[in-house]
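# Close look at the chain arrangement
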Amino acid sequence: MAAKVISGVEVAKQIRAEIKAEVEDLKAKHGSVPGLVTILVGENPASVSYVTAKQKTAKELGYYSIQDNQPADITEEQLLALIDKYNNDPQIHGILVQLPLPKHVDETKVLYAINPDKDVDAFHPVNVGKLVIGEAVFKPCTPAGIQELLIRGGVETKGAHVVVVGRSNIVGKPIANMMLQKAVGANSTVTIVHTGTKDVAYFTKQADILIVAAGKPNAVTADMVKDGVAVIDVGVNRIGVTPEGKAKLAGDVDFEAVKEKASLITPVPGGVGPMTITMLMKNTLESFKYSLN
Ligand code: GUN
């Protein structure tokens, strides 16, 4: 079987069109729009490019958006004061502090300072806790994008065995928690494998849905999956340079070989990646709608 390759670019475009229409509708009714601030400390090139993409999308969707650039030597106290300012700004519904932060700033302290009601990354422990008990207002963006791809890709999740490769706080743990909830796009049996697992292939071969966030190329090869599996590849690995001088990317899955056995697979680039920013916009919209109540 050759897999259906599901384009995150296309699905993201569809969701953005839905968001844009809803924002226009809410603006007409209430005279206000969702507001997002992205705080960037320093000039890390990858962070600059992520933040630029987030701001560009926010503007395209009609959001009120602020790009707040701060110098790399900002003190922790100054950064906390800045967050406090946005916590109290009624035009701002989402606050995102781009990570990583410089070493002299305590990242945990900064993330905990964001009002959980404006924590559109869903990194605050209050939001992590709500996710675990099935009461999430915000779902972390990459896992939310994965779930949306499964739903819109027509993958049956109820009763499916989902195997998650990787246990990070940003992807592995939250997606595992989300897939086991009694909810639409979930209700699955979930296994997590990680670097401490003795026989990873023993588990991945049992997966109906395989979500791979291992952080290394070819972490999953064709001999590790069963026929008909739906594969979501979260990996983004720089494996070289294209003739045009751009970074050449690969996922964590041996795409060409696994595609021949799977029923559905996401490409890298163009799979989960485009979904992440879209789900950030969705969270900001949810926060805005909550503020209208
Ligand atoms: N740095 C890399 N990914 C992310 C993300 O999803 N959110 C934030 N705040 N920083 C990041």
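Calculation rules
Residues numbered from 1 in each chain as written. Predicted model: local features only at pLDDT ≥ 70, side-chain atom pairs only at ≥ 80, totals over all residues. UniProt positions renumbered as here; feature names shortened; annotations may be inferred. Near = placed C-beta within 6 Å. Nonpolar A, V, L, I, M, F, W, Y, C, P; charged D, E, K, R; others polar. Axes fitted to C-alpha atoms, helices over the stretch in contact; angles between N-to-C directions. Helix = DSSP H or I, 4+ residues; strand = E, 2+ residues; numbered from the N terminus. Parallel < 35°, antiparallel > 145°, perpendicular 65-115°, else oblique. Left-handed = near helix turned anticlockwise from the far one by under 90°. Contact = placed C-beta atoms within 7 Å. Domains from an automatic or database assignment. Core = buried A, V, L, I, M, F, W, Y, C linked by C-beta atoms within 7 Å. Buried ≥ 20, exposed ≤ 12 C-beta atoms within 10 Å, placed from the backbone. Pairing = 2+ DSSP bridges. Expected span 1.5 Å × (residues − 1). Arc of directions from axis to C-beta.

As annotated in an unreviewed UniProt entry, the protein is Bifunctional protein FolD from Desulfoscipio geothermicus DSM 3669. What UniProt records for the protein under Subunit (unreviewed entry) is the sentence "Homodimer." Under Function (unreviewed entry), UniProt gives the following word-for-word description of the protein: "Catalyzes the oxidation of 5,10-methylenetetrahydrofolate to 5,10-methenyltetrahydrofolate and then the hydrolysis of 5,10-methenyltetrahydrofolate to 10-formyltetrahydrofolate."

### Considering the site of the ligand
Surrounding the ligand, one finds L96, V97, Q98, L99, D121 and C141. Grouping the amino acids of the shell around the ligand by side-chain chemistry returns four nonpolar, one polar and one charged.

### Here's the deal with the packing of helix α6 (residues 141-152) against helix α7 (residues 172-180)
Between two packed helices, the angle of one axis relative to the other and the distance separating the axes together describe the packing. Between α6 and α7, whose axes approach to 9 Å, the crossing angle comes to 40 degrees. Between α6 and α7, the angle is such that the two are oblique. Here α6 and α7 pass one another in a crossing that is right-handed. Between α6, through P143, I146 and Q147, and α7, the contact on the second element is made entirely by P174, I175 and M178. Partitioning the contact of α6 with α7 into residue classes produces five nonpolar, one polar and no charged.

### A look at the domain arrangement of the protein
The domains assigned to the protein are domain 1 (31-116) and domain 2 (141-272). For domain 1 and domain 2, the distance between their C-alpha centroids amounts to 29 Å.

### Quick word on the nonpolar core
Among the nonpolar cores identified, the biggest contains 78 residues, and V165, L210, I211, V212 and V231 are the most heavily contacted of them. Two domains each provide a minimum of three residues to this core, namely domain 1 (31-116) and domain 2 (141-272). When neighbours within four sequence positions are excluded, V231 is seen to be in contact with L210, V212, V225, V253, V258, A262, L264, I265 and T266.

### Focus on the UniProt feature "domain: Tetrahydrofolate dehydrogenase/cyclohydrolase catalytic" (unreviewed entry) in the protein
Using the residue numbers shown here, the UniProt feature "domain: Tetrahydrofolate dehydrogenase/cyclohydrolase catalytic" (unreviewed entry) corresponds to residues 6-121. Within residues 6-121, the helical portion is 50% and the strand portion 16%, while the C-alpha atoms at the span's ends are 25 Å from each other.

### A few points about the sheet that holds strand β6 (residues 189-193)
Spatially, the six strands line up as an open sheet ordered β1-β11-β8-β7-β5-β6, and their pairing is parallel. Sheet topology places β1 (4-5) and β6 at the edges, where each strand pairs with a single neighbour. Contacting β5 (161-165), β6 and β7 (209-212), α7 crosses the sheet at an angle of about 165 degrees to β6.

### Re helix α2 (residues 45-60)
Given a rise of 1.5 Å per residue, 16 residues ought to cover 22 Å, and the 23 Å separating the end C-alpha atoms of α2 matches this to within 8%. Of all the positions in α2, only K54, T57 and A58 are classed as buried. For α2, the buried positions fall inside an angular range of 105 degrees around the axis, keeping them on one side. For α2, exposure combined with an orientation more than 90 degrees from the buried face picks out P45 and S49. Buried residues along α2 sit against β2 (35-41), β3 (64-70), β4 (94-97) and α10 (273-292).

### Overview of the packing of α6 against α10
Here α6 crosses α10 at 105 degrees, and the two axes come no closer than 8 Å. One element, α6, and the other, α10, form an angle in the roughly perpendicular class. Taken together, the residues of α10 that come into contact with α6 (itself represented by C141, T142, A144, G145, E148 and L149) are M275, T276, T278, M279, L280 and N283. Grouping the amino acids of the contact of α6 with α10 by side-chain chemistry returns six nonpolar, five polar and one charged.

### Some words on unusual backbone geometry
Along the chain, L99 connects to P100 via a cis peptide bond; the corresponding omega equals 5 degrees. One can find P100 in the loop between β4 and α4 (107-113). Backbone torsion omega between V268 and P269 reads 0 degrees, so that peptide bond is classified as cis. The phi dihedral of A122 is positive, around 60 degrees, even though this residue is not glycine. Its location among the elements puts A122 in the loop between α4 and α5 (125-132). Overall, A122 belongs to the buried group, with 24 C-beta atoms counted inside 10 Å.

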